[in-house]
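Examining the three-dimensional arrangement
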Amino acid sequence: MNLRRDVFQAIADPTRRAILLLVATQSMTAGAIAANFDTARPTVSKHLQILTECELLEQKQNGREVHYHTNAKKMKEIADFIEPFRKMWDDRFNKLEDIMKNYKPTK
């Protein structure tokens, strides 16, 4: 059975979010990524596997090395999904801010 991992469960993990931030600006090898964490390399490899299965990271073979880089298309899909929720909460907080500006406590 081929189950796809849930992308939102993948990005819920702080280590995986940190990995995404690391490779957002440049492609990196697994070893270079692992050097940024105080965990065992197999643990980082498992995180890379999950991110790759979710299509948030892509692998590119360069000689004997595998470089990881973000999949911009998949990241945009996530951002597009989240955008209406961000707008809704921004609107709610702006309304609350307006109410609080006009609030006068009674004694």
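Refer to the preceding data block for the structure.
Scope of this entry: the structure provided in the associated data block. All of these numbers come straight from a predicted model, not from anything done at the bench. (Residues numbered from 1 in each chain as written. Predicted model: local features only at pLDDT ≥ 70, side-chain atom pairs only at ≥ 80, totals over all residues. Heavy atoms only, no water.)

**Quick look at the side chain of His 67**
Heads up, the condition is: Helix numbering and strand numbering both begin at the N terminus, where a helix is a DSSP run of H or I of at least 4 residues and a strand a DSSP run of E of at least 2. Pairs of N or O atoms are called polar contacts if they sit within 3.5 Å, as long as, within protein, a hydrogen donor faces a hydrogen acceptor (for residues adjacent in sequence, only side-chain-to-side-chain pairs).
By secondary structure assignment, the location of His 67 is in strand E3 (residues 65–70). At 3.4 Å, the side chain of His 67 and the side chain of Glu 65 are in polar contact.

**What to know about helix H4 (residues 41–53)**
We apply this condition: What a helix is expected to span follows from its residue count: subtract one and scale by 1.5 Å. Only protein chains enter the calculation, and the probe is 1.4 Å; a residue is then buried if its accessible area is under 20% of its type maximum, exposed if over 50%, and partly exposed in between. Directions drawn from the helix axis to the C-beta atoms are what define this arc. Residues are treated as being in contact if the distance between any of their heavy atoms lies within 4.5 Å.
Along its 13 residues, H4 runs 18 Å from first to last C-alpha, staying within 8% of the 18 Å computed at 1.5 Å per residue. Within H4, burial applies to Val 44, His 47, Leu 48, Ile 50 and Leu 51. For H4, the buried positions fall inside an angular range of 160° around the axis, keeping them on one side. Buried residues in H4 make contact with helix H1 (7–12), helix H2 (14–23), helix H3 (30–34), strand E2 (57–62) and E3. Directly after H4, the chain includes Glu 55, whose backbone phi takes a positive value near 70°.

**So, H2**
Listing the buried residues of H2 in full gives Arg 16, Ile 19, Leu 20 and Val 23. For H2, the buried positions fall inside an angular range of 100° around the axis, keeping them on one side. Away from the buried face of H2 by more than 90 degrees, exposed residues Pro 14 and Leu 21 are located. The opening residue of H2 is Asp 13, an N-cap whose side-chain oxygen sits 2.8 Å from the backbone nitrogen of Thr 15.

**Details of a nonpolar patch on the surface**
As a reminder, the rule being used: Patch rule: a residue counts if its relative accessible area is over 30% and it has no salt bridge; like charges are joined within 9 Å, and nonpolar side chains (Val, Leu, Ile, Met, Phe, Trp, Tyr) within 5 Å. A 1.4 Å probe and the Shrake-Rupley method give the accessible areas. Residues count as covered only by the protein chains that appear here. Take a side-chain nitrogen of Lys or Arg and a carboxyl oxygen of Asp or Glu: if they are within 4 Å of each other, that pair is a salt bridge.
A cluster of nonpolar side chains, namely Phe 8, Phe 81, Ile 82, Phe 85, Met 88, Trp 89, Phe 93, Leu 96, Ile 99, Met 100 and Tyr 103, defines an oily patch on the protein surface of about 1100 Å² accessible area. If you tally residues by element for the nonpolar patch, the top one is helix H5 (residues 72–101), at 9 residues. Of note, Leu 96 is situated in helix H5. Judged by relative accessible area, which is 42%, Leu 96 ranks as partly exposed.

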